[in-house]
Each structure stands twice: as structure tokens, then as C-alpha cells.
Amino acid sequence: MTFIFAAGVAILFGAGAYLVLKRDLIRLIAGMVLIGNAANLFIMSAALRRGSAAVLPFSGTFSDPMVQSMTLTAIVISFSTTALMLALTYRVYSSHDSMDLTQLALAEEAQAEQDEQDTGAGEPGAVPVDERVPALSGVRQEGGV
Amino acid sequence: MSLIALPLAILWFGGVILALLDGTERRFGWLAVGMLVAALGATGLLAQRVLDQGTQEMRLGNWDAGIGITLRVDALGITFALLSLTVLLCALLYETLEGIGARIFPALVLFMALGLTGLFFTGDAFNFYVFFEISMIAAYVMASYGETPRQFRAAFLFIVVNLLGSVLFLIAIAGTYHTTGWLDMEKIRTRMPLVAENPAILTATLIFVAFSIKLGLFPFHFWLPAVYTGTRPAVAAILSGALANIGSYGILRFGADLFPRELHEGGRVLIVLGAASVLYGGVQAVARHTPNEVLAYSAIGQVGYILIAIGIGGKAGYAAAILYTVLNALNKTLLFLSVNLRGWVIGAAFAVGAFSVAGVPPVSGFFGKLELFQLGVDDHRPWFVVLVFVGGMLSFAYMFELYRRRFWMPGEDGGTPRSQQVLVGMIALAIVLIGLMPEPLFQLTQHAASVLPEQLP
């Protein structure tokens, strides 16, 4: 029984991790859902004992109700975060026209370059590039003569 | 005992009410500020009682001991709660004065305050996870506040990375429950020495990784610069000043309090990662140009000190870690809020923050550095003293460079409302005052560190 649980957790987590490394946002979210479920299954398998439902009157051994309540809470939380992630994916899609991580990375790079130019141009001591180049070439010409 | 529930109740009902109202209207922004002030006041009263009478306890739903969820407030929790609520209040005031741009923002600030206060107050490991998720979900939504394409990208990265961290933490909680048989922190503490070494160290590692992601420590930091540069100043201040406290509190509570043996074994790892974080953050911050990016890497560097102090451990180490967390959170709040404004008050305030990060007297950051210095000398770790100096020099270099670029440049003056200038000036004044009268803060952090076990059981 322990082995089955361990194998289940491992497969879910592994499949989830594989999907998280994909470049498509929807697959990525599917991967997060699988990883969340791996955690839920792990909580269930952390039960201290197994048996019938923990409802009065008891007959024989009863299963640990604590892990069940924990898993229920964790399911609710992962449900809400999944909904939030999907909503955010929609906003990413509508603002970038793409759900591909490569496109998003390109947009991020362009933004970083833009930032660098904005702050670089404002440097008080910095000489604008187009003024600097002729001066340098002038020096080189003088040295050559 | 209902005083423990009072701040939580104010924040919870306040958050729900605000969620139904249009937060872009100025009066609802002020309503949120009022609720946060009320919660801060209630927490202050509770702090008074905790410091006078010791740890306060309350069992929810009047269940029997050992069955119901316990809220347990000690000096450590109350210090972090006061700090986080103060930071959130500053950021919310700033945003209200600026004009709130999203109807949900005030409610989100209150929900985050609820999550943070709850996790600092709880005495139950799983309840900690639930409050932790409440504050994280508020943070996920907040990261996209502003709604530009860049903020959506940042928010997506933030959610995916931090959700993975939360899942690891959840697995660690399940592991703790299975090995100790309890979720109540007090019971876990007594059972922990009986747990076999391997499961305990595995669980402790998972917890450490989960909190390092929140803290933005060196090998887990990759999400942090993208998020901090993308978001609005108030959100960056909230993330670095309030939300990052989860990381240092979590490592102190779970590491120093519940897993002291494992923390002791892993102390060297913490120190190495902390030192790497200080150097990496410092060097990267010097190399960057955008103000928010410099501050983001500075945040990575500053948490390194906290981690080293925890790794060295002992009462002095924990006290230094708590003191540094408090000062760092206040510095980052001031810097993130002031860096995008203009005016001479802002310039002066930013200079105060810059000196505080670099650790120049008489600003309060000096005492954080002094405490670390003292720790290095007392503990006979000369390399740590050198690291504090090198890190301080790096932070002086990048903070001054940033100051020069932002405030010595000819540019449009003014444009910043006077009220915002006053707010930022007040935060700077508070940081200077703490520097001039550090005694109360020292006492508070000593008190907070005294709840953590000093010796290995």
C-alpha cells in the first residue's frame, strides 16, 4: 500500500514537473495542477492509520480524519489558485497575443533594453552615442597623419 | 483572550466589506487605512500584554486541548506582526494619496494583512499554511496591479514559482504530521527529538527551500528582480517589506523553534548560501541601472545577512537576525516608495534610506550592521566581519550611485503631491529616530529571540 501511494505521488509529481517545463502556458498550468494533486495524495498517505470512516459509532479501527480535513483544505486552496492562474493566463494572452513562453521572454528582453536606454540617456556625464563617434574618429585621423 | 482574535476579526471583516466596495474611490481607500490602523492598534495592545505577561493562547471554537486549532502569540510573532502591519499601512497610505488604480486593491492589502497576522499568531502548523496561502493569493493578485503587459508577465512568473514553494511547504507539513503525529507546534517541538534523523532532515530541507523562495535567497532568487522591477512602488514595498517577512519568520519559527537539531546540522549551508547571497546581490546591484532593479538585487543581498545570523544561531544570532529583518523591511519600504518621486524632501528621505542600507551612523541601519559585527567578533568568525564590511561597501556604492542618478540629475522638479512627500519624510524620520534611540527596538528583539530555544535539546 505504501509503495502504491509513493508511486502515485512520484508519477503525478514527475508528470507535473515535465509539463511545467513546457513553453505553453496552459500546459504549464496543467503541470501545476498535477503537482498540487501530488501534494494532496502525499497528505492522504501521511495518515497515521487506515480503516473505516471516522464516523460514530466506530467499528474496529477507523482511518485518520485529520489528513482528510487537511487534504480537503488543500484541494480548495489549489482550486482557487488554479482559477486565478487561468484568469491571469487570459490577461497575458490578451495583452501579448500569445501563450508561448518564448514570446513572453522576447517581450521581457525588449523591455529590459528599453529600461536600460531610458536610464542611460538620462546620465548627466554620458555623451550621446552619435556625438561621441565622430570625435573618436577625428582623433584617430590626427594620429594617422 | 479574545484580544488575539480582535486584529484578525477586524482585518477579515474589513477585507470582505472592502471587496464589495469600489476601492478606486478615495473615501474607501481611507476606510481601508482606518481599518488597518484599528488592527495595528489592537495588535499594539496585544503586544503590550504579551510583553508584560508572556505568551498568550487561545483555542478556536472552544475545543478541548489537543483537538482545536490554537492561536499562540509570543514575542517573536508579535514583533513580526507589528512590523508587517506598519509596512502595509505605509504602502496603503502611499497608494491612497497617489490615487488607487484598481477597485480590489484596498481589500487585497487587508487580506494580506490578515494572512500575515494570522500566520504570525498561529500555533498550528497546518493553520500556518492556510494563512500563508491567504497572504500569498493576495500577493499574486497584487503583483498584476497596474495591469500593463509587463506586470502580467511578472505576476505569472511570481505565481508559478511561489506556488511551487507552497506545494513543497505543504508536503513538509504532511511529513511533519506523519513523523510527529501532531500539528500543534508546541507538541511538535517536544516530539521532534524522537524523530529519526533522515525524515527530519528531509522535512527541514523542504521547509528551508520553501521559505528561501519567499525570501528571495541567492539560488532561489530568479523570480525576484523581474517581479520587483515590474510592479508599482507600493506593491514592491509590500512584497519586500511585508511579504518577505514570511521567509525570515518561517525559518526562525520552523528552523530555530521546531527543528533546532536540523538547523544546527545545516547551519553551515545557511551561512554559505547567505554569504553567496550578500556578494551576488551586492555585485549585481552595482551593475544595474534601473532604480527598482538595483533595489531588488539589494534586497537579495540584505536577506543574506539575516540567513547568516540564523546560521550562526544562539540567542545573539537570532536577536541579530530579527533586528536586521525589522530594519531591512523599513529601509526597503522607504526606498521603494521614494525612488519614483521627486523633490528635496524625497531626496533627503532617500539619502536616509541609502545610509541605512549601507549602515552609516546615526541612521538605524548602523545598529543592524553593528549587531552583525558584534556577532562576528563574539563568535570568532573574522570572515564574517570582513563580509559585513565588503557588503556594506558594496551597498554604499550602489545606493550612492542610485542617489546620484535619481536626485542629482537635472530634471522636472515637483509633480509629487506634498502629502506623499510628508508620508515618505515621516518614514525617513522614524528610521532616523530609531537610530538615535535604538534601546526599545533592541529590547524588543532580545525579547523576541528569547522565545527560541538557545541550546540543543
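Cut-offs applied
- Residues numbered from 1 in each chain as written.
- Chains lettered and ligands numbered in written order.
- Predicted model: local features only at pLDDT ≥ 70, side-chain atom pairs only at ≥ 80, totals over all residues.
- Helix = DSSP H or I, 4+ residues; strand = E, 2+ residues; numbered from the N terminus.
- Rg over C-alpha atoms; globule rule 2.2 N^0.38 Å.
- Buried ≥ 20, exposed ≤ 12 C-beta atoms within 10 Å, placed from the backbone.
- Contact = placed C-beta atoms within 7 Å.
- Nonpolar A, V, L, I, M, F, W, Y, C, P; charged D, E, K, R; others polar.
- Axes fitted to C-alpha atoms, helices over the stretch in contact; angles between N-to-C directions.
- Parallel < 35°, antiparallel > 145°, perpendicular 65-115°, else oblique.
- Left-handed = near helix turned anticlockwise from the far one by under 90°.
- pLDDT = per-residue confidence, 0-100.
- Expected span 1.5 Å × (residues − 1).

Caption draft 1: Spotlight on the overall build of chain B. When helices and strands are counted, chain B shows 20 helices and two strands. Here chain B has a C-alpha radius of gyration of 21 Å; the compact-globule value for 457 residues is 23 Å, and the two agree. Taken along the three principal axes of its C-alpha coordinates, chain B extends 65 × 55 × 40 Å. Burial status across chain B gives 62% buried among its 457 residues. Look at the contacts in chain B between residues 6 or more apart in sequence, and 78% of them connect residues 24 or more apart.

Caption draft 2: Structural context of the overall build of chain A. A tally of regular secondary structure across chain A gives five helices and zero strands. Secondary structure elements of chain A, listed N to C terminal, follow the sequence α-α-α-α-α. Per-residue burial for chain A yields a buried fraction of 21% across its 145 residues. Taking all contacts inside chain A whose residues are at least 6 apart in sequence as the whole, residues at least 24 apart take part in 44%.

Caption draft 3: Spotlight on unusual backbone geometry. At Asp97 of chain A, a residue that is not glycine, the phi angle is positive and equals roughly 60 degrees. Within the secondary structure, Asp97 of chain A is located in the loop between α3 (65–96) and α4 (101–121). One non-glycine residue, Asn62 of chain B, adopts positive backbone phi at about 55 degrees. Looking at where Asn62 of chain B falls in the secondary structure, it is placed in the loop between β1 (56–59) and β2 (70–73). Given 7 C-beta atoms within 10 Å, Asn62 of chain B falls into the exposed group.

Caption draft 4: Quick peek at the interface of chain B and chain A. Counting residues at the interface gives 29 residues for chain B, matched by 32 residues for chain A. When contributions to the side of chain B that touches chain A are tallied by element, the ones reaching two or more residues are α5 (125–143) and α6 (149–180) of chain B. Top element by residues in the side of chain B that touches chain A is α6 of chain B. It accounts for 17 residues. Residue composition of the side of chain B that touches chain A, by class: 19 nonpolar, six polar and four charged.

Caption draft 5: The arrangement of the packing of helix α9 (residues 223–230) of chain B against helix α14 (residues 291–312) of chain B in detail. Residue and element names in this part refer to chain B. Look at α9 against α14: their axes get within 8 Å of each other, and the N-to-C directions meet at 140 degrees. If you check the angle between α9 and α14, you find them oblique. With respect to the hand of their crossing, α9 and α14 are arranged in right-handed fashion. Facing α9, whose interface residues are Leu224, Pro225, Tyr228 and Thr229, α14 presents Asn292, Glu293, Leu295, Ala296, Tyr297, Ala299 and Ile300. Partitioning the contact of α9 with α14 into residue classes produces eight nonpolar, two polar and one charged.

Caption draft 6: Focus on the environment of Leu452 of chain B. Its place among the elements puts Leu452 of chain B in the segment after α20 (439–449). Taking the C-alpha atoms as reference points, Leu452 of chain B and Val16 of chain B, separated by 436 residues in sequence, lie 35 Å from one another.

Caption draft 7: Structural context of the confidence of the model for chain B. All names here are of chain B. Averaged over every residue, the pLDDT of chain B is 89; residues scoring 70 or more account for 98%. When pLDDT is averaged over each element of chain B, helix α4 (residues 105–121) comes out on top at 94 and β1 at the bottom at 85. Listed scores for the predicted complex are pTM 0.90 and ipTM 0.87.

Caption draft 8: The arrangement of the environment of Pro233 of chain B in detail. All names here are of chain B. Within the fold, Pro233 resides in helix α10 (residues 233–243). Under the C-beta neighbour-count criterion, Pro233 is labelled buried, with 22 such atoms within 10 Å. Along the backbone, Pro233 and Thr290 are 57 residues apart, and their C-alpha atoms lie at a distance of 13 Å. Beyond its immediate sequence surroundings of up to four residues, Pro233 is in contact with Phe336, Leu337, Val339 and Asn340.

Caption draft 9: Structural context of helix α17 (residues 365–378) of chain B. All names here are of chain B. Here α17 contains 14 residues, and its C-alpha end-to-end distance of 20 Å stays within 8% of the 20 Å for a straight helix at 1.5 Å per residue. The set of residues buried in α17 consists of Gly365, Phe366, Phe367, Gly368, Lys369, Glu371, Leu372, Leu375 and Gly376. Buried positions along α17 lie against α14, α15 (314–338), α16 (344–358), α18 (382–407) and α19 (418–436). His380, located one to two residues past α17, shows a positive phi value of around 55 degrees.

Caption draft 10: Up close: helix α8 (residues 197–215) of chain B. Residues and elements named next belong to chain B. Between its terminal C-alpha atoms α8 stretches 26 Å, which fits the 27 Å expected from 19 residues at 1.5 Å a residue. Along α8, the residues classified as buried are Ala200, Thr203, Ala204, Leu206, Ile207, Phe208, Ala210, Phe211, Ser212, Ile213, Lys214 and Leu215. One or two residues past the end of α8 sits Gly216, with phi positive at roughly 75 degrees.

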